[in-house]
Amino acid sequence: MTSVQPEEIKARVAELRWHHSLNLGHGIITPGQDNSERKLGRLKMPTSLAGKSVLDIGAWDGFFSFDAERRGASRVLATDSYVWDGSHDWGSKRGFDLAKAALGSKVEDRVIDVLDLSPDKIGMFDVVLFLGVLYHMKHPLLALEHVASVTRGMIVLETAVDLLSTRQSAMAFYPGSDLGKDATNWCGPNPAAVVGMLQTVGFRRIEIVAGLRPWYFRYAKAARLKWRHGFQFWSMARTDRIVVHAWK
Ligand SMILES: C[S@@+](CC[C@H](N)C(=O)[O-])C[C@H]1O[C@@H](n2cnc3c(N)ncnc32)[C@H](O)[C@@H]1O
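Residues numbered from 1 in each chain as written. Predicted model: local features only at pLDDT ≥ 70, side-chain atom pairs only at ≥ 80, totals over all residues. Heavy atoms only, no water.

A. Layout of the overall build of the chain. Scanning the chain from terminus to terminus reveals 9 helices and 9 strands. By the compact-globule yardstick of 18 Å for 248 residues, the chain fits well, its C-alpha radius of gyration being 18 Å. Based on the C-alpha atoms only, the size of the chain along its principal axes is roughly 55 × 45 × 35 Å. The buried share of the chain, reckoned over its 248 residues, is 50%. (Helix = DSSP H or I, 4+ residues; strand = E, 2+ residues; numbered from the N terminus. Rg over C-alpha atoms; globule rule 2.2 N^0.38 Å. Buried < 20%, exposed > 50% of the residue type's maximum accessible area, 1.4 Å probe, protein only.)

Given below as C-alpha cells:
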C-alpha cells in the first residue's frame, strides 16, 4: 500500500467518510468535519514524545496517533470500537487504514472498547490520549478507571463540559439525543467533576491546560451549529470543551 500511487490514494480518499483532516502528502487532505489542527493546538502536547509509548483511545481516523508518531513516540497504539466496528453510519476503520498506509506509519491498531482496556490486554503506556470520548461514556467513572489502569505517566483528556455555572462537581446526563442530536452522547461533566473523577481514579497532579472560552465564543459556535446542522441553540451554547493534563 505504501507504493500506491497518489492518484489511487486520492480516489480512495474520495470513497470514504472522514472525521479528521489528515494531510496525506501529494496535496491530498482528507475532507474531515473535525478541525483537528485547532484541537491539536489546544491539547498543548509535549513537543517531543521521544522514547515514550502512547495510547490513543477512540482514535477514529488516527490524526492524533500519527501526530504522536511524528513527535517521536517509540510506540503508538491506536484503539477504537464504535466507529471501527463498522456497523454505524459514522464511518469505519477504513479511513485509519488508508491514512496509515499512505503515511507509511508504524502506528499499531486494535479494535477494543474502553471498558475492555486493562494492563493484561494492552499493557501500560507513558502517555494516554483520551480525546473526545469521555462524554460518549454511559459509565464515565468506570471508563476512567479503565483508562487510568493502562496509564503509567500522563493522560491528555479532551472533553465536552456542561453545567458550567456551578463550581460544585456536577454532571449532566443526556438520555436520548439531548446533546447535539447524538444518541451516543451520554454525559456532560463540569470542569470540577472532570478533575474530581481524575483524582478518584488515581491521578495526583491535574492541570486544566485549555479551559472555558468566553460566552460569546460559545454563542457564536452554537449559532453556527444550529444553522449548519439544526442543533438546539441552547444545548450547544451552554456547553464547551476543555483539555486536562494529569499525572499519576
Ligand atoms: C468524537 S470522536 C473523537 C475522535 C478523536 N479522538 C478526536 O478527538 O478527534 C469519539 C471516538 O470515540 C470512539 N468511541 C466511542 N465509544 C467508544 C467505546 N466505548 N470504546 C472505544 N471507543 C469508543 C468513537 O468510535 C470515536 O472514534
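B. Representation of the side chain of lysine 221. By secondary structure assignment, the location of lysine 221 is in helix α8 (residues 215-229). Polar side-chain contacts of lysine 221 include one of 3.5 Å to the backbone oxygen of methionine 236. (Polar contact = N/O pair within 3.5 Å; in protein donor to acceptor, adjacent residues only side chain to side chain.)

C. Structural context of the site of the ligand. Close contacts around the ligand come from 20 residues, with His20, Gly58, Asp80, Val83 and Leu131 the closest. Interatomic distance of 3.1 Å between a side-chain N/O atom of serine 81 and a nitrogen atom of the ligand. Valine 114 places a main-chain nitrogen or oxygen 3.0 Å from a nitrogen atom of the ligand. Contact with the protein chains covers 93% of the free accessible surface of the ligand, which is 590 Å². Class assignment for the residues of the shell around the ligand results in 10 nonpolar, 6 polar and 4 charged. (Near = heavy atom within 4 Å. Areas by Shrake-Rupley, 256 points an atom, 1.4 Å probe, with all protein chains shown as cover. Nonpolar A, V, L, I, M, F, W, Y, C, P; charged D, E, K, R; others polar.)

D. Structural detail: the pattern of salt bridges. Across all of its chains, the model carries 12 salt bridges by this definition. For the salt bridge of lysine 93 with aspartate 97, the shortest nitrogen-to-oxygen distance reads 2.8 Å. Judged by relative accessible area, lysine 93 falls into the buried class, the value being 15%. With its nearest N and O atoms 2.8 Å apart, the salt bridge here joins arginine 213 to aspartate 240. Of this pair, arginine 213 sits in the loop between β8 (205-210) and α8 while aspartate 240 sits in strand β9 (residues 240-247), placing them 27 residues apart in sequence. For aspartate 240, a relative accessible area of 1% gives the class buried. Overlapping salt bridges, with partners in common, bring together Lys93, Asp97, Lys100 and Asp109 in one network. (Salt bridge = Lys/Arg side-chain N within 4 Å of Asp/Glu carboxyl O.)

E. A look at the nonpolar core. Counting 36 residues, the largest nonpolar core has Leu43, Val54, Leu129 and Val156 as its most contacted members. Secondary structure elements with two or more residues in this core: α1 (6-15), α2 (36-43), α3 (63-70), β2 (75-80), α4 (94-103), β4 (125-131), β5 (151-161) and β8. In terms of residue count, α3 provides more of this core than any other element does, 4 residues in total. If we skip the residues at most four places from it in the chain, valine 156 touches Leu43, Met45, Val128, Leu129, Phe130, Leu131, Val243, Val244 and His245. Residues Leu117, Phe130, Val150 and Val244 belong to the second largest nonpolar core, which totals 29 residues. (Core = buried A, V, L, I, M, F, W, Y, C linked by side-chain atoms within 4.5 Å. Contact = heavy atoms within 4.5 Å.)

F. Summary view of the packing of α2 against α3. Relative to each other, α2 and α3 sit at 55 degrees, their axes nearing to 11 Å. As the angle between them shows, α2 and α3 are arranged oblique. The crossing of α2 and α3 is right-handed. Here Ser36, Glu37, Lys39, Leu40 and Leu43 of α2 come into contact with α3, specifically with Phe63, Phe64 and Asp67. (Axes fitted to C-alpha atoms, helices over the stretch in contact; angles between N-to-C directions. Parallel < 35°, antiparallel > 145°, perpendicular 65-115°, else oblique. Left-handed = near helix turned anticlockwise from the far one by under 90°.)

G. Expanded view of the pairing of β5. Most of β5 is tucked away: 9 of the 11 residues are buried. Relative to β5, β4 runs parallel, the two being bridged by 6 bridges. Residue leucine 129 lies in a different strand from β5, and its bridge partner there is valine 156. The parallel pair β4 and β5 is bridged by helix α6 (residues 140-149), and the resulting crossover is right-handed. The pairing of β5 with β9 spans 8 bridges and is antiparallel. Looking across to β9, one finds that valine 161 is bridged to aspartate 240. (Pairing = 2+ DSSP bridges. Right-handed = clockwise from strand over helix to strand, strands pointing away.)

H. Representation of the packing of aromatic side chains in the model. Here the structure, examined in full by the defined rule, presents 10 aromatic pairs. Ring plane angle 80 degrees and centroid distance 6.5 Å describe the contact between tyrosine 219 and tryptophan 234, whose orientation is recorded as edge-to-face. Of this pair, tyrosine 219 sits in helix α8 while tryptophan 234 sits in helix α9 (residues 233-237); the two residues are 15 residues apart in sequence, bridging distant segments of the chain. Looking at lysine 93, its charged tip hangs above the ring of tryptophan 84, at a distance of 5.2 Å from the centre. The positively charged end of arginine 205 is found above the aromatic ring belonging to tryptophan 247, 3.8 Å away from the centroid. (Phe/Tyr/Trp six-rings, centres within 6.5 Å; stacked < 30°, edge-to-face > 60°. Lys NZ or Arg CZ within 6 Å of the ring centre and 35° of its normal.)

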